Amino acid sequence: MAFELLIRGGTVWLPEGARNVDVAVIDGRIAALGAPGVLSAATVLDAHGLHVLPGVIDTHVHFREPGMEHKEDLATGSQAAVLGGVTAVCEMPNTIPATTTAKALTDKLDRAQGRMACDYAFFLGATADNVDSLAMWEQMAGCAGVKIFMGKSTGTLLVEDNAMLSRILSSCRRRVAVHCEDESRLRERHALVHESGLPTLHALWRDAETAFLATKRILKIARKLNRKIHILHVSTQKEISLLMNNRDIATFEITPHHLTLSAPECYYHLGTLSQVNPPIRAKYHQDALWTAVNEGLVDCLGSDHAPHTLAEKAKLYPTSPSGIPGVQTLVPVMLTHIAAGRLSLAQFVALTSAGPARLYAIAAKGYIAVGFDADFTIVDLKARRTIDSPWLASRCGWSPFEGMTVTGFPIFTIIRGHLIMRDGCVLTPENGSPLRFQEV
Ligand code: DOR
Ligand code: ZN
């Protein structure tokens, strides 16, 4: 058999665990797994000493196009992704205009064509105006599903009341992703931070109860309607306890920033650069998130890559925007946690490939197995690097992890058999294709 590409000599993370096998690729798909040295191909990639992981899928990024290209666009965001070892992204709808119509979704897909380095899909934002069309539009090719903002964050998307939430959940067939912060509580408590200039108050304003109340409310509605939901960026101890008892209907995501930064220290060191919704919270919340990771409760890691410029972040809190870039640092930051013994590489693989593929029903991705897309995140677990600004590709130009010395780094990013990134260089910035889904 004439294989096009052979990844030789690496430790390969198959569904059953790590094995020393060579991986052969034809036509962008995994064609064979062979004992070391047996298979051959026109192009051979030497992976000795490296771990070959299924391609990392980041199902939560904000790439800002259209409307806020001064912060990021589909090209720069996706280049940041592949430099960080991410092979596919699902992009959020709070752009300008928001992705709330079939036309806006088609526009994003048109813009993405030939301009993205990684594979992609786009979320539709739910509003009171489009609820009757969501069921139809969520079936469009390249659509990741529907997202609801229960609390206002960057942009204007918001669905507050139970009646409307029920209508959305009962009409959508696919798993709906939800940003859970209770808008009425946010309004009530806004006086706590108004003109304060104190980002340390962010987690007091948008407190744990704000997140908990919204998560509890959407779970109740989903339970009543027997619908599947996905809770984004879970950040509190109480939400974890609730989600533990709703495994049959709800999946959930945790972010690297909530696992890595904690309050109040982050606000002293980073100020508004650590301002994000939901907020970075006290250590005991972070400990609960780690326990959930280690107990196998968490379904996926998402970066919630949400870039803003340094000038915007320099505004007086709370007029400064919330959001932290993270698509490029997800892999090295999490590998560093692995090196420190906080989670296993097997857990990381489950949270970044099989997990996202399963919960959104992404077709042909998520595993290294014959017939699946040849997407690989190839990492050196021992590499020590410092996250620095020349490496960062996001147009926002900064990271809360700048200056951090990481242990473990992405060396190659391969997407459908194409070598897209090699050791800090994007080789092919225009190869991205829309994700396919099983349930559409
Ligand atoms: O902090 C956040 N920033 N949270 C969100 O939900 C939106 C995001 C953004 O788009 O800036
Ligand atoms: Zn987000």
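**Q** Got a minute to help me understand the pattern of salt bridges in this structure?
**A** Opposite charge on two side chains lets them pair, provided their charged atoms get close. Taken as a whole, this structure holds 26 salt bridges when the rule is applied. One salt bridge in this structure joins Arg 167 and Asp 132, with 3.1 Å as the shortest N-O distance. Highlighted residues: Arg 167 in helix H4 (residues 162-171) and Asp 132 in the loop between strand S10 (119-125) and helix H3 (134-137), separated in sequence by 35 residues. You can call Arg 167 partly exposed: its relative accessible area is 39%. Of the residues examined, Asp 132 reaches a relative accessible area of 65% and is grouped as exposed. For the salt bridge of Glu 160 with Arg 187, the shortest nitrogen-to-oxygen distance reads 3.0 Å.

**Q** Is there a simple way to think about the pairing of strand S7 (residues 51-54) in this case?
**A** In the case of a regular strand, side chains alternate between the two sheet surfaces. Direction of pairing for strand S2 (residues 11-14) relative to S7: parallel, over a ladder of two bridges. Looking at the pairing, Val 12 lines up with Val 52 of S7.

**Q** Looking at this structure, how should I read the pairing of strand S1 (residues 3-8)?
**A** Direction of pairing for S1 relative to strand S6 (residues 41-46): parallel, over a ladder of five bridges. Within S6, the residue paired with Leu 5 across the bridge is Thr 43. Where S1 meets strand S4 (residues 22-26), three bridges bridge the pair, whose relative direction is antiparallel. Along S4, the bridge assignment pairs Leu 5 with Val 25.

**Q** So what exactly am I meant to see when it comes to the site of ligand 1 here?
**A** The full set close to ligand 1 counts 13 residues, and Arg 64, Asn 94, Ser 153, Thr 154 and Asn 277 are the nearest of them. Between ligand 1 and Arg 64, the relevant distance is 2.8 Å, taken from an oxygen atom to a side-chain nitrogen or oxygen of the residue. The side chain of Asn 94 places a nitrogen or oxygen atom 2.8 Å from an oxygen atom of ligand 1. In the complex, the protein chains occlude 100% of the 290 Å² of accessible area that ligand 1 would expose alone. Grouping the amino acids of the shell around ligand 1 by side-chain chemistry returns three nonpolar, nine polar and one charged.

**Q** Explain the side chain of Thr 100 to me, please; I cannot follow it from the model alone.
**A** With respect to the helices and strands, Thr 100 occurs in the loop between strand S9 (86-91) and helix H2 (102-112). A relative accessible area of 16% places Thr 100 in the buried class. Residues in contact with Thr 100, not counting those within four places in the same chain, are Leu 124, Gly 125, Thr 127, Asn 130, Trp 137 and Leu 157.

**Q** What is the right way to look at helix H8 (residues 237-244) in this model?
**A** By the burial criterion, the buried members of H8 are Glu 239, Ile 240, Leu 242 and Leu 243. One side of H8 holds all its buried residues, which, seen down the axis, span an arc of 165°. Looking at the buried residues of H8, the elements they touch are helix H7 (208-225), strand S13 (229-231), strand S14 (250-254) and helix H11 (283-294).

**Q** Please clarify how the domain arrangement of the chain should be interpreted in this entry.
**A** When its domains are assigned, the chain resolves into domain 1 (3-52 + 370-426) and domain 2 (56-359). Listed per partner, the contact involves 34 residues of domain 1 and 43 residues of domain 2. If you sort the residues of domain 1 by the area they bury against domain 2, Arg 395, Trp 398 and Phe 401 come out on top, with a joint share of 25%. Counting across the domain 1 and domain 2 interface gives two salt bridges. For Asp 73, the salt bridge is made with Arg 395, and the minimal N-O distance between the two is 3.1 Å.

**Q** Where do I start with the side chain of Thr 154 in this structure?
**A** Among the secondary structure elements, Thr 154 is positioned in the loop between strand S11 (143-149) and H4. For Thr 154, a relative accessible area of 18% gives the class buried. Apart from residues no more than four positions distant in its own chain, Thr 154 is found in contact with Arg 64, Asn 94, His 308 and Ser 322.

**Q** How should the coordination of the zinc ion (ligand 2) be read in this particular structure?
**A** Metal coordination angles have textbook ideals: 109.5 degrees for a tetrahedral set of four donors and 90 or 180 degrees for an octahedral set of six. On the protein side, the zinc ion (ligand 2) has His 60 (NE2), His 62 (NE2) and Asp 304 (OD) as donor atoms, found 2.0 to 2.1 Å from it. Written as a sequence motif, the donor arrangement for the zinc ion (ligand 2) is H-x1-H-x241-D. Here His 60 and His 62 have matching classes, each one buried.

**Q** What should I look at first to understand the sheet that holds strand S5 (residues 29-34) in this one?
**A** Sheet strands pair via backbone hydrogen bonds, and the direction of the pair is either parallel or antiparallel. Read from one edge to the other, the open sheet built from four strands follows the order S5-S4-S1-S6, with strand pairing classed as mixed. Taken across any chain shown, the strands that pair with only one partner, and hence form the sheet edges, are S5 and S6. Each strand axis lies, on average, 25° off the axis of its neighbour in the sheet, ignoring direction.

**Q** Got a minute to help me understand the environment of Lys 382 in this structure?
**A** You can see Lys 382 is positioned in strand S16 (residues 376-386). As for Lys 382 and Ala 339, which are separated by 43 residues in sequence, their C-alpha atoms are 8.4 Å apart.

**Q** Just checking my understanding: could you explain the packing of H4 against H7 for this structure?
**A** Think of two packed helices as two axes; the pair is described by the angle between the axes and how far apart they sit. H7 packs onto H4 with a crossing angle of 50° between their chain directions and a minimal axis gap of 10 Å. Between H4 and H7, the crossing angle belongs to the class labelled oblique. Handedness of the H4/H7 crossing: right-handed. Between H4, through Asn 162, Leu 165, Ser 166, Leu 169 and Ser 170, and H7, the contact on the second element is made entirely by Arg 217, Ile 218, Ile 221, Ala 222 and Leu 225. Among the residues forming the contact of H4 with H7, the class breakdown is six nonpolar, three polar and one charged.

Reading the values: the criteria
Residues numbered from 1 in each chain as written. Chains lettered and ligands numbered in written order. Predicted model: local features only at pLDDT ≥ 70, side-chain atom pairs only at ≥ 80, totals over all residues. Heavy atoms only, no water. Salt bridge = Lys/Arg side-chain N within 4 Å of Asp/Glu carboxyl O. Helix = DSSP H or I, 4+ residues; strand = E, 2+ residues; numbered from the N terminus. Buried < 20%, exposed > 50% of the residue type's maximum accessible area, 1.4 Å probe, protein only. Pairing = 2+ DSSP bridges. Near = heavy atom within 4 Å. Polar contact = N/O pair within 3.5 Å; in protein donor to acceptor, adjacent residues only side chain to side chain. Areas by Shrake-Rupley, 256 points an atom, 1.4 Å probe, with all protein chains shown as cover. Nonpolar A, V, L, I, M, F, W, Y, C, P; charged D, E, K, R; others polar. Contact = heavy atoms within 4.5 Å. Arc of directions from axis to C-beta. Domains from an automatic or database assignment. Buried area = accessible area lost by both parts, 1.4 Å probe. Donors = N, O, S within 2.8 Å, 3.2 Å for Na, K, Ca; no water. Axes fitted to C-alpha atoms, helices over the stretch in contact; angles between N-to-C directions. Parallel < 35°, antiparallel > 145°, perpendicular 65-115°, else oblique. Left-handed = near helix turned anticlockwise from the far one by under 90°.

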